[in-house]
Amino acid sequence: QSWPVYEEVFNKMHELAAFLDLPRFPDITESCFLHPDMLCMKYLMEANLPDELHNWTCRVVKKIGIGEVDFLTLTPGNKSKRKVKYDVLAAAIIVVVLKLLFLLDDHYEWLLSEFAEERNKNNTEVCMFYSGGPYFEFKKWYEVVKHSLDVEQKKLDEARAKYLWRCEKPLFYSVKNKSKVLKRRQMVVNLQNQFGKLSGSVQRAEKPNPSSFQLSWSEENTDGSCFHGHSLKGILQEKCGLLTAMNPDYWLCTVKLCNEKLCGHLAHYKEVEFPQSYHFVLGLFSFLLRIQPSYIHDEVCMIEHKLFNKKLCKKLKYNTVLRK
(Lines give C-alpha, C1' and ligand atoms only; values in the text may rest on other atoms or scores of the structure.)
Protein backbone atom coordinates (compact mmCIF):
# COMPACT_ATOMS: atom_id res chain seq x y z
CA GLN A 1 0.00 0.00 0.00
CA SER A 2 2.50 2.57 -1.21
CA TRP A 3 3.67 4.17 -4.45
CA PRO A 4 6.84 2.63 -5.89
CA VAL A 5 10.02 4.71 -6.06
CA TYR A 6 11.04 5.95 -9.52
CA GLU A 7 14.51 4.41 -9.34
CA GLU A 8 13.09 1.01 -8.37
CA VAL A 9 10.67 0.92 -11.32
CA PHE A 10 13.42 2.15 -13.67
CA ASN A 11 15.87 -0.56 -12.62
CA LYS A 12 13.25 -3.34 -12.67
CA MET A 13 12.23 -2.33 -16.18
CA HIS A 14 15.80 -2.67 -17.46
CA GLU A 15 16.31 -5.96 -15.60
CA LEU A 16 13.13 -7.36 -17.16
CA ALA A 17 14.18 -6.23 -20.66
CA ALA A 18 17.57 -7.94 -20.21
CA PHE A 19 15.97 -11.09 -18.73
CA LEU A 20 13.62 -11.41 -21.70
CA ASP A 21 16.62 -10.87 -23.99
CA LEU A 22 14.76 -8.22 -25.96
CA PRO A 23 16.42 -6.85 -29.12
CA ARG A 24 17.49 -3.24 -29.56
CA PHE A 25 14.50 -0.92 -29.28
CA PRO A 26 13.34 1.24 -32.24
CA ASP A 27 15.59 4.22 -32.91
CA ILE A 28 14.68 7.41 -31.08
CA THR A 29 14.97 10.19 -33.68
CA GLU A 30 14.11 13.88 -33.57
CA SER A 31 10.51 13.12 -34.55
CA CYS A 32 9.99 10.76 -31.58
CA PHE A 33 8.26 11.97 -28.44
CA LEU A 34 11.09 10.64 -26.24
CA HIS A 35 13.68 12.85 -27.96
CA PRO A 36 15.01 15.63 -25.67
CA ASP A 37 13.92 18.38 -28.10
CA MET A 38 10.31 17.16 -28.00
CA LEU A 39 10.23 16.58 -24.24
CA CYS A 40 11.86 19.95 -23.52
CA MET A 41 9.12 21.65 -25.51
CA LYS A 42 6.49 19.81 -23.46
CA TYR A 43 8.02 20.68 -20.07
CA LEU A 44 8.71 24.31 -21.05
CA MET A 45 4.98 24.64 -21.73
CA GLU A 46 4.06 22.97 -18.45
CA ALA A 47 6.56 25.02 -16.43
CA ASN A 48 5.12 28.22 -17.96
CA LEU A 49 8.46 29.35 -19.38
CA PRO A 50 9.04 31.44 -22.56
CA ASP A 51 8.95 29.64 -25.90
CA GLU A 52 12.33 31.17 -26.82
CA LEU A 53 14.03 28.90 -24.29
CA HIS A 54 13.42 25.97 -26.63
CA ASN A 55 16.08 27.29 -29.02
CA TRP A 56 18.55 27.17 -26.13
CA THR A 57 17.63 23.66 -25.04
CA CYS A 58 18.12 22.48 -28.65
CA ARG A 59 21.53 24.16 -28.71
CA VAL A 60 22.60 22.37 -25.52
CA VAL A 61 21.35 19.00 -26.82
CA LYS A 62 23.28 19.44 -30.06
CA LYS A 63 26.41 20.75 -28.33
CA ILE A 64 26.92 17.75 -26.05
CA GLY A 65 25.49 15.11 -28.39
CA ILE A 66 22.71 13.76 -26.16
CA GLY A 67 20.25 13.87 -29.04
CA GLU A 68 22.08 11.17 -31.00
CA VAL A 69 20.23 7.97 -31.86
CA ASP A 70 22.86 5.67 -30.34
CA PHE A 71 22.82 7.59 -27.05
CA LEU A 72 19.02 7.60 -26.69
CA THR A 73 18.00 4.19 -28.04
CA LEU A 74 17.70 1.42 -25.46
CA THR A 75 19.77 -1.75 -25.99
CA PRO A 76 18.75 -4.26 -23.27
CA GLY A 77 21.64 -6.08 -21.60
CA ASN A 78 24.27 -3.51 -22.59
CA LYS A 79 25.86 -2.80 -19.19
CA SER A 80 28.56 -0.50 -20.56
CA LYS A 81 26.00 2.02 -21.78
CA ARG A 82 24.36 4.45 -19.35
CA LYS A 83 20.59 4.09 -19.24
CA VAL A 84 18.75 7.25 -20.30
CA LYS A 85 16.00 8.66 -18.08
CA TYR A 86 14.23 10.59 -20.82
CA ASP A 87 11.92 12.87 -18.83
CA VAL A 88 14.54 13.54 -16.15
CA LEU A 89 17.11 14.37 -18.85
CA ALA A 90 14.74 16.87 -20.48
CA ALA A 91 14.02 18.58 -17.15
CA ALA A 92 17.76 18.77 -16.40
CA ILE A 93 18.44 20.39 -19.80
CA ILE A 94 15.92 23.13 -18.98
CA VAL A 95 17.54 23.67 -15.57
CA VAL A 96 20.98 24.03 -17.19
CA VAL A 97 19.61 26.56 -19.70
CA LEU A 98 18.04 28.56 -16.87
CA LYS A 99 21.41 28.58 -15.11
CA LEU A 100 23.15 29.71 -18.31
CA LEU A 101 20.78 32.65 -18.77
CA PHE A 102 19.68 33.55 -15.23
CA LEU A 103 22.51 32.01 -13.17
CA LEU A 104 20.05 31.04 -10.37
CA ASP A 105 22.41 32.22 -7.62
CA ASP A 106 19.71 34.12 -5.62
CA HIS A 107 21.10 37.41 -6.89
CA TYR A 108 21.56 37.78 -10.65
CA GLU A 109 18.07 36.50 -11.61
CA TRP A 110 16.44 39.12 -9.36
CA LEU A 111 18.55 41.91 -10.92
CA LEU A 112 17.41 40.80 -14.37
CA SER A 113 13.83 40.69 -13.11
CA GLU A 114 14.03 44.28 -11.83
CA PHE A 115 15.42 45.42 -15.17
CA ALA A 116 12.65 43.62 -17.08
CA GLU A 117 9.96 45.01 -14.76
CA GLU A 118 11.22 48.57 -15.22
CA ARG A 119 11.43 48.10 -18.99
CA ASN A 120 7.89 46.72 -19.17
CA LYS A 121 6.53 49.64 -17.13
CA ASN A 122 8.17 52.21 -19.38
CA ASN A 123 6.97 50.53 -22.55
CA THR A 124 3.55 49.20 -21.57
CA GLU A 125 1.81 50.23 -24.76
CA VAL A 126 4.73 49.23 -26.99
CA CYS A 127 5.06 45.78 -25.38
CA MET A 128 1.47 44.94 -26.26
CA PHE A 129 2.32 45.07 -29.94
CA TYR A 130 6.04 44.26 -29.77
CA SER A 131 6.93 41.24 -31.89
CA GLY A 132 8.87 39.63 -29.08
CA GLY A 133 6.27 40.29 -26.40
CA PRO A 134 6.97 41.80 -22.94
CA TYR A 135 10.29 41.09 -21.25
CA PHE A 136 10.31 37.95 -19.14
CA GLU A 137 10.24 38.73 -15.41
CA PHE A 138 11.71 35.92 -13.31
CA LYS A 139 10.20 37.29 -10.09
CA LYS A 140 6.68 37.42 -11.48
CA TRP A 141 7.08 33.94 -12.98
CA TYR A 142 8.27 32.63 -9.62
CA GLU A 143 5.23 34.08 -7.79
CA VAL A 144 2.71 32.74 -10.32
CA VAL A 145 4.22 29.25 -10.55
CA LYS A 146 4.78 28.94 -6.78
CA HIS A 147 1.13 29.76 -6.09
CA SER A 148 -0.09 27.15 -8.60
CA LEU A 149 2.44 24.63 -7.33
CA ASP A 150 1.28 25.06 -3.72
CA VAL A 151 -2.36 24.59 -4.76
CA GLU A 152 -1.61 21.44 -6.79
CA GLN A 153 0.62 20.02 -4.05
CA LYS A 154 -2.19 20.46 -1.52
CA LYS A 155 -4.63 18.69 -3.86
CA LEU A 156 -2.16 15.84 -4.33
CA ASP A 157 -1.59 15.45 -0.59
CA GLU A 158 -5.35 15.37 0.06
CA ALA A 159 -5.93 12.84 -2.72
CA ARG A 160 -3.20 10.56 -1.39
CA ALA A 161 -4.54 10.83 2.17
CA LYS A 162 -8.04 9.82 0.99
CA TYR A 163 -6.81 7.11 -1.38
CA LEU A 164 -8.50 3.75 -0.85
CA TRP A 165 -6.04 0.91 -1.37
CA ARG A 166 -8.36 -1.48 -3.13
CA CYS A 167 -8.98 -2.48 -6.72
CA GLU A 168 -12.00 -1.10 -8.56
CA LYS A 169 -13.18 -4.53 -9.64
CA PRO A 170 -13.82 -6.93 -6.75
CA LEU A 171 -11.59 -10.00 -6.46
CA PHE A 172 -13.04 -13.44 -5.87
CA TYR A 173 -11.22 -16.76 -5.74
CA SER A 174 -14.08 -19.14 -6.51
CA VAL A 175 -17.30 -19.09 -8.51
CA LYS A 176 -19.29 -19.86 -5.34
CA ASN A 177 -18.12 -16.69 -3.61
CA LYS A 178 -18.62 -14.47 -6.68
CA SER A 179 -22.24 -13.50 -5.91
CA LYS A 180 -21.43 -12.79 -2.23
CA VAL A 181 -18.43 -10.58 -3.08
CA LEU A 182 -20.34 -8.61 -5.71
CA LYS A 183 -23.26 -8.11 -3.33
CA ARG A 184 -21.01 -6.86 -0.53
CA ARG A 185 -19.22 -4.48 -2.89
CA GLN A 186 -22.52 -3.07 -4.14
CA MET A 187 -23.67 -2.51 -0.55
CA VAL A 188 -20.44 -0.63 0.23
CA VAL A 189 -20.84 1.58 -2.86
CA ASN A 190 -24.48 2.35 -1.99
CA LEU A 191 -23.57 3.28 1.59
CA GLN A 192 -20.78 5.55 0.37
CA ASN A 193 -23.15 7.31 -2.01
CA GLN A 194 -25.74 7.80 0.74
CA PHE A 195 -23.21 9.21 3.20
CA GLY A 196 -21.87 11.43 0.44
CA LYS A 197 -25.32 12.91 -0.17
CA LEU A 198 -25.90 13.45 3.56
CA SER A 199 -22.54 15.18 4.02
CA GLY A 200 -23.11 17.36 0.96
CA SER A 201 -19.99 16.19 -0.85
CA VAL A 202 -20.35 16.06 -4.62
CA GLN A 203 -19.68 12.66 -6.12
CA ARG A 204 -17.94 12.51 -9.49
CA ALA A 205 -20.11 10.85 -12.11
CA GLU A 206 -17.19 10.00 -14.33
CA LYS A 207 -13.43 9.99 -14.06
CA PRO A 208 -11.69 12.95 -15.71
CA ASN A 209 -9.90 12.21 -18.95
CA PRO A 210 -6.20 11.45 -18.42
CA SER A 211 -3.71 14.14 -19.41
CA SER A 212 0.08 14.32 -19.55
CA PHE A 213 -0.11 17.95 -18.37
CA GLN A 214 -0.55 18.64 -14.66
CA LEU A 215 -0.19 22.43 -14.94
CA SER A 216 -1.87 24.25 -17.83
CA TRP A 217 -1.41 27.88 -18.84
CA SER A 218 -3.58 29.70 -21.37
CA GLU A 219 -2.33 32.70 -23.33
CA GLU A 220 -5.91 33.96 -23.46
CA ASN A 221 -5.86 34.82 -19.73
CA THR A 222 -5.87 38.57 -19.13
CA ASP A 223 -4.22 38.33 -15.69
CA GLY A 224 -0.76 37.92 -17.22
CA SER A 225 -0.16 34.49 -15.67
CA CYS A 226 1.05 32.94 -18.95
CA PHE A 227 4.69 33.58 -19.91
CA HIS A 228 4.94 31.52 -23.12
CA GLY A 229 5.07 34.55 -25.42
CA HIS A 230 7.44 36.63 -23.28
CA SER A 231 10.76 37.76 -24.70
CA LEU A 232 14.32 37.02 -23.54
CA LYS A 233 15.75 39.96 -25.48
CA GLY A 234 16.57 41.87 -22.30
CA ILE A 235 19.06 39.23 -21.12
CA LEU A 236 20.69 38.32 -24.45
CA GLN A 237 23.33 39.94 -26.63
CA GLU A 238 24.51 39.18 -30.14
CA LYS A 239 28.10 38.04 -30.73
CA CYS A 240 29.40 36.84 -34.11
CA GLY A 241 25.86 36.34 -35.34
CA LEU A 242 24.80 34.24 -32.33
CA LEU A 243 22.71 35.21 -29.33
CA THR A 244 24.59 34.72 -26.05
CA ALA A 245 23.83 35.42 -22.40
CA MET A 246 24.83 38.89 -21.18
CA ASN A 247 26.43 37.35 -18.10
CA PRO A 248 29.38 35.04 -18.98
CA ASP A 249 29.59 33.52 -15.47
CA TYR A 250 28.33 30.05 -14.53
CA TRP A 251 28.56 28.07 -11.30
CA LEU A 252 28.96 24.31 -11.33
CA CYS A 253 26.88 22.10 -9.07
CA THR A 254 29.92 19.88 -8.52
CA VAL A 255 33.49 19.91 -9.84
CA LYS A 256 34.06 16.15 -9.68
CA LEU A 257 31.41 13.50 -10.27
CA CYS A 258 31.01 10.40 -8.11
CA ASN A 259 31.14 6.82 -9.39
CA GLU A 260 27.48 6.08 -10.10
CA LYS A 261 27.91 2.29 -9.85
CA LEU A 262 29.58 2.46 -6.43
CA CYS A 263 27.90 5.54 -4.94
CA GLY A 264 24.47 5.21 -6.55
CA HIS A 265 24.51 8.87 -7.61
CA LEU A 266 26.67 11.08 -9.80
CA ALA A 267 26.51 13.84 -7.20
CA HIS A 268 25.11 14.53 -3.73
CA TYR A 269 22.27 17.00 -3.31
CA LYS A 270 21.66 18.93 -0.09
CA GLU A 271 19.25 21.85 -0.20
CA VAL A 272 21.27 24.01 2.22
CA GLU A 273 24.32 23.87 -0.06
CA PHE A 274 22.57 25.39 -3.09
CA PRO A 275 20.73 28.67 -3.85
CA GLN A 276 17.00 28.78 -3.21
CA SER A 277 16.20 29.66 -6.83
CA TYR A 278 17.97 26.52 -8.01
CA HIS A 279 16.16 24.46 -5.38
CA PHE A 280 12.78 25.93 -6.44
CA VAL A 281 13.33 25.01 -10.10
CA LEU A 282 14.37 21.48 -9.11
CA GLY A 283 11.31 21.25 -6.86
CA LEU A 284 9.03 22.32 -9.71
CA PHE A 285 10.23 19.58 -12.05
CA SER A 286 10.42 16.98 -9.29
CA PHE A 287 6.72 17.65 -8.62
CA LEU A 288 5.86 17.28 -12.30
CA LEU A 289 7.82 14.03 -12.57
CA ARG A 290 6.97 12.72 -9.07
CA ILE A 291 10.62 12.07 -8.24
CA GLN A 292 13.19 13.30 -5.75
CA PRO A 293 15.09 16.50 -6.71
CA SER A 294 18.36 14.58 -6.36
CA TYR A 295 17.58 12.58 -9.54
CA ILE A 296 17.31 15.78 -11.60
CA HIS A 297 20.39 17.17 -9.87
CA ASP A 298 22.40 14.13 -11.03
CA GLU A 299 21.42 14.73 -14.64
CA VAL A 300 22.20 18.45 -14.32
CA CYS A 301 25.72 17.60 -13.13
CA MET A 302 26.18 15.13 -15.99
CA ILE A 303 25.13 17.73 -18.58
CA GLU A 304 27.37 20.39 -17.02
CA HIS A 305 30.42 18.12 -17.19
CA LYS A 306 29.73 17.36 -20.85
CA LEU A 307 29.14 21.04 -21.59
CA PHE A 308 32.23 22.37 -19.78
CA ASN A 309 34.49 19.36 -20.24
CA LYS A 310 37.46 21.32 -21.64
CA LYS A 311 37.37 23.95 -18.89
CA LEU A 312 37.08 21.28 -16.20
CA CYS A 313 40.07 19.37 -17.59
CA LYS A 314 42.17 22.53 -17.54
CA LYS A 315 41.08 23.28 -13.98
CA LEU A 316 41.86 19.76 -12.73
CA LYS A 317 45.30 19.81 -14.43
CA TYR A 318 46.03 23.22 -12.89
CA ASN A 319 45.08 21.98 -9.40
CA THR A 320 47.25 18.88 -9.87
CA VAL A 321 50.27 21.03 -10.77
CA LEU A 322 49.69 23.24 -7.72
CA ARG A 323 49.60 20.19 -5.42
CA LYS A 324 52.88 18.87 -6.87
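Everything that follows concerns the structure shown earlier in this document.
Remember, predicted model here, so these are calculated numbers, not experimental data. (Residues numbered from 1 in each chain as written. Predicted model: local features only at pLDDT ≥ 70, side-chain atom pairs only at ≥ 80, totals over all residues. Heavy atoms only, no water.)

Peer 1: Would you explain the overall build of the protein chain in this entry?
Peer 2: Within the protein chain, the regular secondary structure consists of 13 helices and 2 strands. Taken over 324 residues, the protein chain has a buried fraction of 38%. Of the contacts formed within the protein chain by residues at least 6 apart in sequence, a portion of 73% connects residues at least 24 apart. Put simply, the protein chain shows about 21,200 Å² of open surface, and 56% of that area lies on carbon and sulfur atoms. (Helix = DSSP H or I, 4+ residues; strand = E, 2+ residues; numbered from the N terminus. Buried < 20%, exposed > 50% of the residue type's maximum accessible area, 1.4 Å probe, protein only. Contact = heavy atoms within 4.5 Å. Areas by Shrake-Rupley, 256 points an atom, 1.4 Å probe, with all protein chains shown as cover.)

Peer 1: In this structure, what is going on with the nonpolar core? I would like to understand it.
Peer 2: In summary, soluble globular proteins display a tendency toward joint burial of nonpolar side chains. Leu-101, Phe-102, Trp-141, Tyr-278, Phe-285 and Ile-296 are the most contacted members of the largest nonpolar core, which totals 75 residues. Residue contributions to this core peak at 15 residues, all from helix 5 (residues 86-102). Beyond its immediate stretch of four places on either side in the chain, Leu-101 contacts Leu-53, Trp-56, Tyr-108, Leu-112, Leu-232, Ile-235, Leu-236 and Ala-245. (Core = buried A, V, L, I, M, F, W, Y, C linked by side-chain atoms within 4.5 Å.)

Peer 1: It is not clear to me how the packing of helix 5 against helix 12 (residues 293-307) should be interpreted in this structure. Could you clarify?
Peer 2: Relative orientation and spacing of two packed helices are given, respectively, by the angle between their axes and the distance between those axes. Interhelical geometry of helix 5 versus helix 12 gives an angle of 60° and a closest axis separation of 8 Å. Accordingly, the angle class assigned to the pair helix 5 and helix 12 is oblique. Relative to helix 12, helix 5 is oriented so that their crossing is right-handed. The residues of helix 12 that touch helix 5, namely those facing Val-88, Leu-89, Ala-91, Ala-92, Ile-93, Val-95, Val-96, Lys-99 and Leu-100, are Tyr-295, Ile-296, Glu-299, Val-300, Met-302, Ile-303, Glu-304 and Leu-307. (Axes fitted to C-alpha atoms, helices over the stretch in contact; angles between N-to-C directions. Parallel < 35°, antiparallel > 145°, perpendicular 65-115°, else oblique. Left-handed = near helix turned anticlockwise from the far one by under 90°.)

Peer 1: What am I meant to see in the packing of aromatic side chains here?
Peer 2: Enumeration according to the criterion identifies 18 aromatic pairs in this entry. Aromatic pair Tyr-142 and Phe-280: ring centres 4.6 Å apart, planes at 65°, arrangement edge-to-face. In this pair, Tyr-142 sits in helix 8 (residues 138-161) while Phe-280 sits in helix 11 (residues 276-289), placing the two residues 138 residues apart along the sequence. Exposure remark for Tyr-142: the relative accessible area of 25% places this residue in the partly exposed category. (Phe/Tyr/Trp six-rings, centres within 6.5 Å; stacked < 30°, edge-to-face > 60°.)

Peer 1: Would you mind showing me how to read the pairing of strand 2 (residues 242-245) here?
Peer 2: Here is the key point about a regular strand: its side chains alternate between the two faces of the sheet. Judged from the 4 bridges that link them, strand 1 (residues 236-239) and strand 2 form a sheet pairing that is antiparallel. By the bridge assignment, Lys-239 is partnered in strand 2 with Leu-242. From the end of strand 1 to the start of strand 2, which pair antiparallel, there are 2 residues, and Cys-240 there has a positive phi angle of about 55°. (Pairing = 2+ DSSP bridges.)

Peer 1: Looking at this structure, how should I read the pattern of salt bridges?
Peer 2: Side chains bearing opposite charge may pair, as long as their charged atoms lie close to each other. Applying the stated rule across the entire model yields 9 salt bridges. The partner of Glu-46 in a salt bridge is Lys-42, with the nearest N and O atoms 3.0 Å apart. Residue Glu-46 and its partner Lys-42 are both found in helix 2 (residues 36-46); the two are separated by 4 residues, about one turn of the helix. Residues Glu-152 and Lys-155 are paired through a salt bridge, measuring 3.8 Å at the closest nitrogen-oxygen approach. Here Glu-152 and its partner Lys-155 are both found in helix 8, 3 residues apart, which amounts to about one turn of the helix. Through salt bridges with shared partners, one network takes in Arg-24, Asp-27 and Asp-70. (Salt bridge = Lys/Arg side-chain N within 4 Å of Asp/Glu carboxyl O.)

Peer 1: Can you help me understand unusual backbone geometry in this one?
Peer 2: Excluding glycine, residues mostly carry a negative phi; peptide bonds, for their part, are mostly trans. Even without being a glycine, Asn-48 presents a positive backbone phi close to 65°. Its place among the elements puts Asn-48 in the loop between helix 2 and helix 3 (53-64). The exposure class of Asn-48 is buried, given its relative accessible area of 0%. The phi dihedral of Leu-104 falls on the positive side, at around 55°, and the residue is not glycine. Looking at the secondary structure, you find Leu-104 in the loop between helix 5 and helix 6 (108-122).

Peer 1: In this structure, what is going on with the side chain of His-54? I would like to understand it.
Peer 2: Inspection of the secondary structure assignment puts His-54 in helix 3. Residues within four places of His-54 in sequence aside, it is in contact with Asp-37, Cys-40, Met-41 and Leu-44.

Peer 1: So what exactly am I meant to see when it comes to a nonpolar patch on the surface here?
Peer 2: Among the surface-exposed residues, Leu-16, Phe-19, Leu-20, Leu-22 and Phe-25 lie close enough to one another that they form a single nonpolar patch of about 510 Å² accessible area. Position of Leu-20 relative to the elements: it lies in the loop between helix 1 (6-19) and helix 2. (Patch = residues over 30% accessible without salt bridge, like charges linked within 9 Å, V, L, I, M, F, W, Y side chains within 5 Å.)

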